[in-house]
Amino acid sequence: MAIIVNLDVMLAKRKMKSIELAEIINITPANLSVLKSGKAKAVRFSTLEAICEALDCQPSDILEYVKD
Amino acid sequence: MKNIKFRLIGKNSISSLLFWLLIIYLTSIIIILSKMLIAPVKVHLPYDIWATFKLNILYALPQLLLFLVLLLILFVFKSTNIFSKKMISHLNFFAVFCFLMPFIKFLGSYIFFNKDMFDGEYNTALYIFLGVLSIFSASIFKNGFKIQQENDLTI
């Protein structure tokens, strides 16, 4: 897929665990795992906003476009 | 009366009621058929009546299979998630059966019995209509399944 999710990189930078982030943004660890692995078809703006708020970053830090 | 809601899908719904009614109906048909096959009529019957009797048994078997597929469809309707791969395959299978039924009847009456015994023109049209409807339903459920999968993967 052309859109790459760099959530694990940001989590490592912030030294935060996936479960902690899942609890903060109020989604299940399974859904966060789907998002991290790039299997997700779409991301809601509300989820993206919550992630950015929790990790104190911009959407561009999490999502990246790479040409196939 | 206003508070009573009839649900079509899920537990304690109309499809659940239909499922159990169909099970009772199929069980009774199986019992009747097995009695007919195990202990056939011993009296001497004219050829036409005897052939009709055999023909009815021949028709009952594929119809029984058709009802079994219908039972599987209703079983999926009973569950909460109706947009599934099972539903699509059951509906396609049902459509194939519907298209095959007139041929089975045709072959049954023309090959094994008297040629005049095929009188299922009206039923043939109905079966084909049911098959086409089933194919359309399968494509609707296929689209529904795709949309649901996308929705499930929206985080």
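This one's a predicted model, so the numbers in the text were calculated from it and none came from an experiment.

## Remarks on the packing of helix H2 (residues 18-25) of chain A against helix H4 (residues 45-55) of chain A
Two quantities define a packed helix pair, namely the angle between the helix axes and the distance between the axes.
Residues and elements named next belong to chain A.
1) Next: At a closest axis distance of 9 Å, the pairing of H2 and H4 adopts a crossing angle of 120°. Accordingly, the angle class assigned to the pair H2 and H4 is oblique. Considering how the two elements wind past one another, H2 and H4 form a crossing that is right-handed. On H4, the residues touching Leu21, Ile24 and Ile25 of H2 are Ala50, Ile51, Ala54 and Leu55.
2) Next: Here the residues of the contact of H2 with H4 sort into seven nonpolar, no polar and no charged.

## Some details on a nonpolar patch on the surface
All names here are of chain B.
1) Next: A contiguous nonpolar patch, built from Phe6, Leu8, Ile9, Ile14, Leu17, Leu18, Leu21 and Ile24 and spanning about 810 Å² of accessible area, is present on the exposed surface.
2) Next: Within the secondary structure, Ile24 is located in helix H1 (residues 14-38).
3) Next: In this structure Ile24 comes out as exposed when scored by relative accessible area, which is 56%.

## Focus: the packing of aromatic side chains
Residues and elements named next belong to chain B.
1) Next: Enumeration over the complete set of coordinates arrives at six aromatic pairs over all chains.
2) Next: Between Phe19 and Phe75 the ring centres are 5.6 Å apart and the planes differ by 45°, which places this aromatic pair in the tilted class. Of this pair, Phe19 sits in helix H1 while Phe75 sits in helix H2 (residues 47-78); the two residues are 56 residues apart in sequence, bridging distant segments of the chain.
3) Next: Phe19 sits in the buried class, given a relative accessible area of 7%.
4) Next: A centroid spacing of 6.1 Å and a plane angle of 80° characterise the contact between Phe77 and Phe141, whose relative ring orientation is edge-to-face. Of this pair, Phe77 sits in helix H2 while Phe141 sits in helix H4 (residues 121-152); the two residues are 64 residues apart in sequence, bridging distant segments of the chain.
5) Next: The partly exposed category is assigned to Phe77, whose relative accessible area is 21%.

## Re unusual backbone geometry
Negative phi is the rule for most residues except glycine; trans is the rule for most peptide bonds.
Residue and element names in this part refer to chain A.
1) Next: Within the chain, Lys15 stands out as a residue other than glycine whose phi angle is a positive 55°.
2) Next: You can see Lys15 is positioned in the loop between helix H1 (7-13) and H2.
3) Next: Among the residues examined, Lys15 registers a relative accessible area of 76% and is labelled exposed.
4) Next: Located in the positive-phi region is Asn26, a residue other than glycine, with phi close to 60°.
5) Next: Among the secondary structure elements, Asn26 is positioned in the loop between H2 and helix H3 (29-36).

## With respect to H2 of chain A
Residue and element names in this part refer to chain A.
1) Next: All of the buried residues along H2 are Leu21, Ala22 and Ile25. Angularly, the buried residues of H2 cover 100° about the axis, an arc narrow enough to put them on a single face. Residues of H2 that are exposed and point more than 90 degrees away from the buried face comprise Ile19, Glu23 and Ile24.
2) Next: Packed against the buried residues of H2 are H1, H3 and H4.
3) Next: Phi for Asn26, located one or two positions after H2, is positive at around 60°.

About the criteria used
- Residues numbered from 1 in each chain as written.
- Chains lettered and ligands numbered in written order.
- Predicted model: local features only at pLDDT ≥ 70, side-chain atom pairs only at ≥ 80, totals over all residues.
- Heavy atoms only, no water.
- Axes fitted to C-alpha atoms, helices over the stretch in contact; angles between N-to-C directions.
- Helix = DSSP H or I, 4+ residues; strand = E, 2+ residues; numbered from the N terminus.
- Parallel < 35°, antiparallel > 145°, perpendicular 65-115°, else oblique.
- Left-handed = near helix turned anticlockwise from the far one by under 90°.
- Contact = heavy atoms within 4.5 Å.
- Nonpolar A, V, L, I, M, F, W, Y, C, P; charged D, E, K, R; others polar.
- Patch = residues over 30% accessible without salt bridge, like charges linked within 9 Å, V, L, I, M, F, W, Y side chains within 5 Å.
- Areas by Shrake-Rupley, 256 points an atom, 1.4 Å probe, with all protein chains shown as cover.
- Salt bridge = Lys/Arg side-chain N within 4 Å of Asp/Glu carboxyl O.
- Buried < 20%, exposed > 50% of the residue type's maximum accessible area, 1.4 Å probe, protein only.
- Phe/Tyr/Trp six-rings, centres within 6.5 Å; stacked < 30°, edge-to-face > 60°.
- Arc of directions from axis to C-beta.

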